[in-house]
Amino acid sequence: MTFIGWAILTFSIVCYLPFFIWLSASYLNNGDQSKRKNIFCLVMMSVGLLNALNSFLFKIQDTYAFAVMVIIILLFSLYMFSIVRKDKRKVSF
């Protein structure tokens, strides 16, 4: 793996993983917990299911499948972040 690959991997483990854990906890602790828990589980299971289906049925190249999963997780993170920000605004005022 090249230096840029190691740099991206290190950044994602050191910076993004703790942020995703905090964001997930904040998302699940505030608001309608059952609805949010169902949405969170659905997205996480769909990412896992996409990975399994790719291995057995689709046979997409691993780099493309990984990119699709990363995009799904990043878009869901943006969604969770917007919801958490709305919750924080309601609490602060």
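Residues numbered from 1 in each chain as written. Predicted model: local features only at pLDDT ≥ 70, side-chain atom pairs only at ≥ 80, totals over all residues. Heavy atoms only, no water.

Caption draft 1: Here's a closer look at the overall build of the protein chain. Helix and strand counts for the protein chain come out as 3 helices and 0 strands. Listing every helix and strand of the protein chain by position from the N terminus yields α-α-α. Taken along the three principal axes of its C-alpha coordinates, the protein chain extends 50 × 35 × 15 Å. Considering only residue pairs separated by 6 or more positions, the protein chain has 64% of its internal contacts joining residues 24 or more positions apart. (Helix = DSSP H or I, 4+ residues; strand = E, 2+ residues; numbered from the N terminus. Contact = heavy atoms within 4.5 Å.)

Caption draft 2: Highlighting the pattern of salt bridges. For the structure shown, the criterion picks out 1 salt bridge. Ionic pairing is found between R36 and D87, a salt bridge with its closest N-O pair at 2.7 Å. Of this pair, R36 sits in helix α2 (residues 33-58) while D87 sits in helix α3 (residues 62-92), placing them 51 residues apart in sequence. You can call R36 buried: its relative accessible area is 11%. D87 sits in the buried class, given a relative accessible area of 12%. (Salt bridge = Lys/Arg side-chain N within 4 Å of Asp/Glu carboxyl O. Buried < 20%, exposed > 50% of the residue type's maximum accessible area, 1.4 Å probe, protein only.)

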